[in-house]
Amino acid sequence: MIHVGDNTWNLRVCITDLQVEKTLRVRGDLHIGGVMLKLVDPENPKDWSDHALWWPVRNVWLTRTKSTLDQVGLHADALLHFTPMHKTLRVQMPDLRYLDCRVDYSIKTFGAVVALCKDLGIRHPEELSLCKPLEPAHLKKNYADLPKKKFPVEQNGNAARDFVHPAPDTNTFIPATATGFHGSNGSIDGPTNGGPFSCAPVQHPLYTPNKPALQSTPISSPTGTLRHNYTNGHTSFNESSSSLGDAIDNLAYSPCAPSPEARSRLVKPKTLVERARMNVGWLDSSLSIMEQGIREFDTLCLRFKYYTFFDLNPKYDQVRINQLYEQAKWQLQNEEIECTEEEMLMFGALQFQVNLQNEIPQPDSGIDTSSLDNAADDDVDAALRELQITLEGPSNGHNAGDITHIPELTDYLRFLKPKKFTLKGYKRYWFTYKDLHLHLYKSRDDARSNNPPQVSINLRGCEVTPEVNLSQNKFNIKLEVPLEQNSNSEMWIRCDSEEQYAKWMAACRLASKGRSLADSSYDSEVSSIKSFLSMQKPAQAPAVTINPNNIDPNEYLSVRYAKKLKNKAVMRMLEAHANVKDLSLVDAKLSYIRAWQSLPEFGVTLFVIKFDGHKKEELLGVASNRIMKMDINTGDHLKTWRYNTMKAWNVNWEIKCMMIQFQGESIVFSSLSADCKVIHEFIGGYIFMSMRSKETNQTLNEELFHKLTGGWN
């Protein structure tokens, strides 16, 4: 019997496990936990501890059990789902295999990735994220022009008549709880109220109120375990399994070729714009998987998102190294990153060596991975390293122990500054490099006589791009030096030999990061460049005797080079293999990753943007320590801004616009190829990565990650 005026009303709840709908008589002051208690049958022995309330129309989990129905805005017309928080998600690994995983759909995606990586035996999960599988249509249009999908609200397994918009997903990042949010401006000194922008404060090199610590291994408890089921490259989770060991070992070794179905689903970008549009699929780390339109048994891709690979250790990172190698391999074969013909043959040779080593037992590897640790060193660490060198003196053999000595590099090189309407070529100069500055003299005697240089270049913050062709004995270095105006000045240096090129290329790379020849990593950088070049040199004869007809070049080379080289492809790849024939399995994979990191385009994530007040579409590149304005057709760097000069970055979520404040200037732009939240998260994520420490007993500071990447409180 219903009493009029008792302030009660009917609340419909669908219990998804039982496919039953219950109607509860509730009041507005009843808390969420009380609703859940009313749903649980005390006589039913079923464990309901993993269940929570999901509000389909609002697309939100009601996980705060102490909140009342009035506080969350529930009324009599609402329909809730009482459903498990852990659901089966089909995850495609970087090696294109699929796993059926039990994943928590109710927590933030970042936390779900941390738990998933722990199950899979992957350390440093902060480097990875989940993204939606792409289709060819995603490369043809910017995200705003793609049709928005709607999906039905299900009730008792049947679709309701009304369709609702999906959760804030990859293309709509404003969460339901942020309606009407205006945010705040912020700066290095802390946020201040007012204005339509919400800000993520930058951790300036001199502003580190709380130094975060990262844990060497993920810190969530497993949500399930693996069971063997390798048919068609597919593996499943099963909570009844007793161990992860065998399955994790399997993830450390991938099939030589993926399933034809998985390979056929790969999208292949043909232009820089299409490469930029590939970043539309990243999930928002601050929202749950369920809130982003992903339902049980849907497919997501697990990928390395941030190209700063911390503490790669063969002893602990067998799975991580293998999956990283596989992601690099498919980027190259899919032409998502450019490389030369010699480099492509070298990558094919390394892959061939990996396949050969996969078939034989492997000894423990003692490879030195120092050059892989934090390959894109951040400017904060560089500044600390410079301070240490100043106090202790250099340790790389350049007048070691003499703290007053500033190392110098000198030699005769050729120089070219391209100009319009001129056919002038390279001109020979005496180069001196010292303290981040490059000086060009007519001769060595001019330099000794202290005559003023013909050209002086400040290399700090410049972009350095190699142009090497071993068969033509061409060793060029392209410099894009920042000017006072909103542009870069292009300059070219030509070296005469491989030895000369390695020294000057290493010096330019370090200088671009604000690090001089006194830096302890200079010699290792030179060695790394020499090693990279040596692997590209063809041998006199193949190291293995194998019938070339038994090798499909399309499994090792990109389509473009396989077509270009035709019948010569396999033989030239086998000749290159002679340089790497002695590498073990892990060594070959790490060499592949190191060579991938040496490519000019490595670690640059592209977006199509439009600067405020401009009608023309432009290209933005986001890297581990800088962002770049790039030519949308050629990819040339037009302007570079480094994170160590950044004061704050702000977002206006209403108009999807970003404003980034640097020392001396601010830039404002809107993102066209992906939501501005994706760019915001990349910038904040890279700053978070740069703050990691090699100290032991680290913990993963998820709160700081969300503070830097979330964009709202």
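Residues numbered from 1 in each chain as written. Predicted model: local features only at pLDDT ≥ 70, side-chain atom pairs only at ≥ 80, totals over all residues. Heavy atoms only, no water.

Draft legend 1. A look at the overall build of the protein chain. Helix and strand counts for the protein chain come out as 18 helices and 30 strands. Counting every atom, the protein chain has about 32,500 Å² of accessible surface; 49% of that belongs to carbon and sulfur. (Helix = DSSP H or I, 4+ residues; strand = E, 2+ residues; numbered from the N terminus. Areas by Shrake-Rupley, 256 points an atom, 1.4 Å probe, with all protein chains shown as cover.)

Draft legend 2. Focus on unusual backbone geometry. In this structure, H124 takes a positive phi of about 55° despite not being glycine. Here H124 lies in the loop between α3 (109-120) and β8 (128-131). Its identity is not glycine, yet K656 carries a phi of approximately 55°, on the positive side. Here K656 is to be found in the loop between β28 (646-652) and β29 (657-662).

Draft legend 3. Main features of the sheet that holds strand β4 (residues 60-62). Pairing in this open sheet of five strands is mixed, and the strands run β2-β1-β5-β3-β4 from one edge to the other. Edge positions in the open sheet fall to β2 (20-27) and β4, since each of these has one partner strand only. The mean inter-strand angle of the sheet, taken between neighbouring strand axes irrespective of direction, is 35°. Direction of pairing for strand β3 (residues 51-55) relative to β4: antiparallel, over a ladder of three bridges. Across the sheet, W54 pairs through a bridge with W61, a residue of β4. Running at roughly 115° to β3, helix α1 (residues 32-39) makes contact with β1 (8-15), β2, β3, β4 and β5 (79-84) of the sheet. (Pairing = 2+ DSSP bridges. Axes fitted to C-alpha atoms, helices over the stretch in contact; angles between N-to-C directions. Contact = heavy atoms within 4.5 Å.)

Draft legend 4. Quick peek at the packing of α3 against helix α18 (residues 702-709). Contact geometry for α3 and α18: axes closest at 11 Å, N-to-C directions at 140°. Taken together, the axes of α3 and α18 lie oblique to each other. Relative to α18, the crossing made by α3 is right-handed. Contacts between α3 and α18 involve F110, G111 and V114 from the former and E702, F705 and H706 from the latter. A class-by-class count of the residues in the contact of α3 with α18 yields three nonpolar, two polar and one charged. (Parallel < 35°, antiparallel > 145°, perpendicular 65-115°, else oblique. Left-handed = near helix turned anticlockwise from the far one by under 90°. Nonpolar A, V, L, I, M, F, W, Y, C, P; charged D, E, K, R; others polar.)

Draft legend 5. Inspection of helix α9 (residues 341-357) at higher detail. With 17 residues, α9 extends 24 Å from end C-alpha to end C-alpha; this agrees with the ideal 24 Å at 1.5 Å per step. Taking burial as the measure, the 17 residues of α9 include 16 buried ones, the bulk of the element. (Expected span 1.5 Å × (residues − 1). Buried < 20%, exposed > 50% of the residue type's maximum accessible area, 1.4 Å probe, protein only.)

Draft legend 6. View of a positive patch on the surface. Together, K417, K419, K424, K427 and K442 make up a positively charged patch on the protein surface. Following the sequence through the fold, K417 ends up in the loop between β17 (408-416) and β18 (427-434). With relative accessibility at 41%, the residue K417 sits in the partly exposed group. (Patch = residues over 30% accessible without salt bridge, like charges linked within 9 Å, V, L, I, M, F, W, Y side chains within 5 Å. Salt bridge = Lys/Arg side-chain N within 4 Å of Asp/Glu carboxyl O. Lys, Arg positive; Asp, Glu negative; His and termini not counted. Charge placed at Lys NZ, Arg CZ, Asp CG, Glu CD.)

Draft legend 7. How the structure looks around the environment of Y316. Within the secondary structure layout, Y316 lies in the loop between β16 (299-304) and α8 (318-333). Taking the C-alpha atoms as reference points, Y316 and R123, separated by 193 residues in sequence, lie 8.1 Å from one another.

Draft legend 8. Summary view of helix α17 (residues 676-690). Taking 1.5 Å as the rise per residue, α17 with 15 residues should run 21 Å; its terminal C-alpha atoms sit 22 Å apart, in good agreement. Counting buried positions over the 15 residues of α17 gives 15, a clear majority of the element. At the N-terminal boundary of α17, the capping side chain belongs to D675, with an oxygen 2.9 Å from the backbone nitrogen of K677. (Polar contact = N/O pair within 3.5 Å; in protein donor to acceptor, adjacent residues only side chain to side chain.)

Draft legend 9. A look at the environment of L483. Examined against the element boundaries, L483 turns out to sit in the loop between β22 (474-482) and β23 (488-495). Taking the C-alpha atoms as reference points, L483 and K639, 156 residues apart in sequence, are found 8.4 Å from one another. Once residues within four sequence positions are removed from consideration, L483 is found in contact with N488, S489 and K639.

Draft legend 10. Geometry of the pairing of β8. The alternating pattern of β8 places L128 and L130 on one face and S129 and C131 on the opposite face, and all of these are buried. Summarising the sheet, β8 and β16 pair through four bridges and their orientation is antiparallel. Bridging from a neighbouring strand, L130 pairs with L302 of β16.

Draft legend 11. The arrangement of the nonpolar core in detail. Core analysis: the biggest nonpolar cluster contains 109 residues, and I289, L302, W596, V622, I660 and I683 have the highest contact counts within it. A per-element tally of this core places α17 first, with nine residues. If near-sequence neighbours (up to four positions away) are discounted, I683 is found in contact with V622, I627, Y643, M646, W649, M658 and I660. M491, L510, A511 and Y522 belong to the second-largest nonpolar core, a separate cluster that totals 36 residues. (Core = buried A, V, L, I, M, F, W, Y, C linked by side-chain atoms within 4.5 Å.)

Draft legend 12. The packing of α17 against α18, seen in detail. Two elements in contact, α17 and α18, have axes separated by 7 Å at closest approach and are oriented at 135°. Considering their axes alone, α17 and α18 lie oblique with respect to each other. The two elements α17 and α18 cross, and the hand of that crossing is right-handed. Judged by residue contacts, K677, H680, E681, G684, G685, I687, F688 and M689 of α17 engage L704, F705, L708 and T709 from α18. Split by residue class, the contact of α17 with α18 holds six nonpolar, four polar and two charged.

Draft legend 13. Layout of the sheet that holds strand β20 (residues 455-458). Strand order in the open sheet formed by seven strands is β20-β19-β18-β17-β23-β22-β21, with antiparallel pairing between adjacent strands. For this open sheet the edge positions go to β20 and β21 (463-469), each flanked by a neighbour on one side alone. Averaged over all pairs of adjacent strands, the angle between their axes in this sheet comes to 30°, without regard to strand direction. Bridge count for β17 against β23 is three bridges, and the pairing is antiparallel. Residue F415 lies in a different strand from β23, and its bridge partner there is I493.

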